[in-house]
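Observations on the three-dimensional arrangement
Spelled out, the chains give:
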Amino acid sequence: MAKFFDPKKLPLVSDIRALRQSSDNPSSILKKRNPFSRKDLINAKFEPEAASKNREKSFRKNLTISIIAFVAIGGVMIFSSLSNFRKEVMNSLESDIDQFRSQTLNFDLLNNSSSLTGVASNDRLDVDDPIKEFGIKFWPVLKNSFGTYKSFKDLSGQVGLLLNKVDSLSNNLLPWFFNQKGNLLIKELEDTNQIIKSILTKSSDLSSTASRLKDFSVLDLDFYLPLQTELSQYQKFLEALITWLKLPGDRHLFVMMLNPSEIRPGGGFLGSYVDLSLSNGSLKSLNVHDINDIDRELDLKVVPPKPIQAIASRWKTADANWFFDFPSSAKQVIQFAENSNLYKKDHITFDGVIAISADLVKDLLSLTGPVKLDELNLTIESNNFLSEIQKEIQTKREAQDSYPKKILKDLVPVLAQKLQALDANKKQQLLQLLGNWFEKKDIIFFSSNPEIQQFLQNLNLSGAVFELPQNFIGDYLAVINSNLGGGKTDLFIDQKVYFSSQVNEDGTTSNHLNIERSHHGQEGKYSWYKVPNQNYLEVFTLEGARLDNFSGGIVKKIKNPLDYKKASYIVNPLVSEIESSRRDFLNYPEVESFNAFGKGVFAAWTKTEVGKKSEIVFDYANHLPSSLSEGKIYQFIFEKQPGSKGEYKFEISAPIGFIWKENNLPIFEYNSSDPPGRLIINLTLKKAS
């Protein structure tokens with residue numbers, strides 16, 4: 001104000017204020033005492049307000065600039081911090097996903113429960129910061145990134161819980177099952193099923209959040225699909241299994257104990273079995289039987305398959321393990337058992353069949369140690385199991401003992417008790433053996449429940465013949481032996497299988513199959529090993545295969561042992577279907593062919609004398625649905641007969657002018673004395689340089 005008013009004028013202003021209290025005429029006094037005009041007073045009044053506004057405007061401008069500068073600098077710092085945090089989130093996500101992906105490449109919950117032990121187990125990100133919390137809530141890019149990270153952490157956390165449940169089940173399954181604690185088993189299965197459901201839900205959440213990360217090219221949105229697909233199968237299986245275990249009443253399973261000394265298509269001769277009775281998830285009873293216990297009380301009269309008619313006029317349970325397709329054999333076993341008065345009188349039915357090999361029992365004895373059978377003054381070990389069992393049974397049978405298989409009735413319960421007592425280390429070994437048994441078909445399952453059976457088939461646990469896809473480009477081979485009237489000689493038969501295939505560019509294949517069988521029964525101690533091996537051989541290949549040449553084998557004509565129609569025998573529909581496709585070869589009277597389970601089959605009889613060899617050769621051709629060219633995948637599938645032993649050599653030659661990409665050679669070779677139950681070789685055609 002000092003800038004606009006002279007100090008001498010201030011009193012005059014004061015005098016003007018004083019006029020409000022004067023009784024004189026204000027205007028007259030103003031005229032006398034005011035040296036300024038009205039215009040001067042007006043100007044004196046408004047000049048300081050305009051200056052004040054200018055000054056305030058300047059202040060606001062400077063303040064605004066300062067605030068903007070502060071916000072800009074702070075914003076840059078916050079944005080930089082949040083951007084760095086997002087990079088940290090994405091790097092952690094990428095690292096964890098890479099680890100998860102690498103560990104799920106061969107994920108198999110049954111065969112390797114510890115395969116995902118270390119997946120994303122450490123939460124490395126620190127979000128205890130108001131700025132980060134603000135960014136996660138309000139910055140969409142960071143919100144989506146962190147949301148994806150959290151979804152993945154939640155998913156991997158649930159996988160960790162699942163693995164803990166699998167470990168718990170593997171450690172407690174046998175004690176709970178054998179010690180009447182099925183309620184605990186069912187509860188654990190239900191908890192496991194809930195975790196799997198949670199994993200499937202969280203994997204969907206992960207897919208939803210990850211789909212918003214458009215700038216994140218490293219993330220493969222399908223990386224978890226193999227796990228998701230497999231767990232979906234487990235969920236359906238567990239729901240069906242839990243429902244089955246909780247059904248009222250007793251549930252029965254038929255356990256086939258197969259003898260590979262007398263080989264049959266499904267793995268071995270069905271001489272003995274175990275009736276497992278379950279109630280509410282617990283073992284109620286375990287009864288070992290001679291298969292003749294069923295057949296002695298079986299009134300059902302069924303026409304046997306033609307080859308079996310060489311040794312029996314009537315089809316019974318002992319010969320029901322006839323089909324290479326195990327579900328077909330299992331259904332036939334159940335039909336015979338349920339129609340036998342042994343079970344029919346009590347209305348007992350079987351919900352499933354389990355086939356176990358002699359090798360599986362040997363492995364169990366390796367884990368448990370020797371089993372002493374004091375009553376027989378005998379110790380059964382892994383290395384003498386088959387021979388001692390066979391000796392005891394055959395000796396008792398020759399002595400016309402009323403129950404020659406009592407040794408198995410004594411052995412099985414003791415072995416079961418020793419399995420319950422395994423320590424943690426041995427239980428882990430048992431779990432590892434389980435995967436090997438599955439792969440080698442040492443244990444095979446069939447369930448009458450469609451959902452459980454589908455699960456078993458999807459995981460190749462059902463022993464079903466592989467179903468070839470439409471327009472299949474490749475070849476299929478299975479070599480199946482059936483000992484019919486050849487004693488127990490397969491224990492001393494060495495078999496070598498050599499298969500050579502020339503693949504042609506026009507889509508045809510020329511195959512040469514050589515099977516050599518050597519009989520070393522003279523090395524055995526007992527007479528049942530020293531008789532000629534009589535074998536019905538079946539070679540499974542593609543439908544429509546053309547036989548070009550054959551050598552070896554014997555001619556064996558089988559006449560019907562009786563008039564089945566007159567005797568009112570039942571004809572099995574599957575047997576009828578297979579045999580109706582049967583045809584002979586004029587040039588090769590030793591051979592017959594037919595169709596079975598979606599395959600073409602060549603069959604012939606062989607006879608191998610003690611101390612000698614027999615050889616059989618098939619030359620045949622297949623025609624593929626299309627010609628071959630560079631980049632096409634050619635698939636060779638071999639399925640091994642359960643319980644069989646031998647050496648296998650496969651050679652597959654590419655068309656002229658091509659090589660196989662997998663080995664950069666024109667011939668792909670495979671050699672093994674112990675191939676898996678199902679071998680699949682994928683080969684890619686490549687032009688030779």
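Position labels on residues start from 1 in each chain and follow its written sequence. It should be noted that, the model being predicted, local features are given only for residues of pLDDT at least 70 and side-chain atom pairs only at 80 or more, the latter also being counted only at that level, while totals for whole chains, interfaces and linings use all residues. Water and hydrogen atoms play no part in the side-chain values, which are based on all heavy atoms of the structure.

We call a set of buried Ala, Val, Leu, Ile, Met, Phe, Trp, Tyr and Cys residues a nonpolar core when their side-chain atoms join them within 4.5 Å. Buried residues are those whose accessible area, probed at 1.4 Å on protein chains only, stays under 20% of the maximum for their type, while exposed residues exceed 50% and partly exposed ones sit between those limits. Residues Phe254, Leu477 and Phe618 are the most contacted members of the largest nonpolar core, which totals 90 residues. At six residues, helix H9 (residues 326-339) tops the list of elements feeding residues into this core. In contact with Leu477, not counting residues within four places along its chain, are Phe499, Leu513, Val539, Phe540, Tyr620, Phe636, Ile637, Phe638, Glu639 and Phe650. Formed by 66 residues, the second largest nonpolar core is a distinct cluster that contains Ala240, Leu253, Leu411 and Ile452. In DSSP terms, a helix is any run of H or I states spanning at least four residues, a strand is any run of E spanning at least two, and both are numbered starting from the N terminus. Residues count as neighbours in contact if any of their non-hydrogen atoms are within 4.5 Å of one another.

What follows concerns helix H14 (residues 424-440). Between its first and last C-alpha atoms H14 spans 25 Å; for 17 residues at 1.5 Å apiece the expected length is 24 Å, and the two agree. Looking at where H14 begins, the residue whose side-chain oxygen comes 3.2 Å from the main-chain nitrogen of Asn425 is Asp423. In the stretch just after H14, Lys441 is the one whose phi turns positive, near 60°. Helices are assigned an expected span. That span is 1.5 Å times one less than the residue count. By the criterion applied in these results, polar contacts are pairs of N or O atoms within 3.5 Å in which, for protein atoms, one can donate a hydrogen and the other can accept it, and in which residues neighboring in sequence qualify only through two side-chain atoms.

When pLDDT is averaged across the protein, the result is 83; 75% of the residues are at 70 or more. This stretch, residues 1-24, has a pLDDT under 50; its non-local contacts, to residues over four places away or in other chains, come to 17 contacts. Segment residues 26-33: pLDDT under 50, and seven contacts once partners within four positions in sequence are set aside and those in other chains are kept. pLDDT is defined as a per-residue confidence score from the predictor, taking values between 0 and 100.

As a further point, take the packing of helix H11 (residues 358-368) against helix H13 (residues 406-420). Each axis is a line fitted through C-alpha atoms, taken for helices only over the stretch in contact, and angles between the N-to-C directions span 0 to 180 degrees. Where H11 contacts H13, the two axes come as close as 10 Å, and the packing angle between them is 55°. Taken together, the axes of H11 and H13 are oblique relative to one another. At the point where H11 passes H13, the crossing takes the left-handed sense. Touching Val361, Leu364, Leu365 and Thr368 of H11 are Leu415, Lys418 and Leu419, all from H13. Throughout, the ten residues Ala, Val, Leu, Ile, Met, Phe, Trp, Tyr, Cys and Pro are labelled nonpolar, Asp, Glu, Lys and Arg are labelled charged, and all others, Gly among them, are labelled polar. When its residues are assigned to classes, the contact of H11 with H13 shows five nonpolar, one polar and one charged. Each angle gets one of four labels, with under 35 degrees taken as roughly parallel, over 145 as roughly antiparallel, 65 to 115 as roughly perpendicular, and the rest as oblique. In this scheme the crossing of two helices becomes right-handed for a clockwise turn of the near helix relative to the far one and left-handed for an anticlockwise turn of less than a right angle.

Okay, the pattern of salt bridges next. Should a side-chain nitrogen of Lys or Arg be within 4 Å of a carboxyl oxygen of Asp or Glu, the pair is scored as a salt bridge. All told, the structure shown has 26 salt bridges when counted by the stated rule. As a salt-bridge pair, Glu190 and Lys246 come within 3.0 Å of each other at their nearest N and O atoms. Taken together, the residues span a long stretch of sequence, with Glu190 in helix H6 (residues 182-210) and Lys246 in the loop between helix H7 (225-245) and strand S1 (251-259) at a distance of 56 residues. By relative accessible area, Lys246 is classed as partly exposed at 47%. Between Glu516 and Lys613 there is a salt bridge, with the nearest N and O atoms lying 3.9 Å from each other. Note that Glu516 is positioned in strand S10 (residues 508-519) and Lys613 in strand S16 (residues 613-623), a separation of 97 residues in sequence. A relative accessible area of 61% places Lys613 in the exposed class. Look at the salt bridges and you will find they share partners, linking Lys165, Lys187, Glu188 and Asp191 into a network.

Next up on the list: the sheet that holds strand S14 (residues 591-596). A sheet is described by the order of its strands in space; here eight strands give the open sequence S13-S14-S15-S11-S8-S17-S21-S19, paired in mixed fashion. The sheet is open, and its two borders are formed by strand S13 (583-584) and strand S19 (658-660), each paired with just one other strand. Following DSSP output, two strands are said to pair if at least two bridges run between them.

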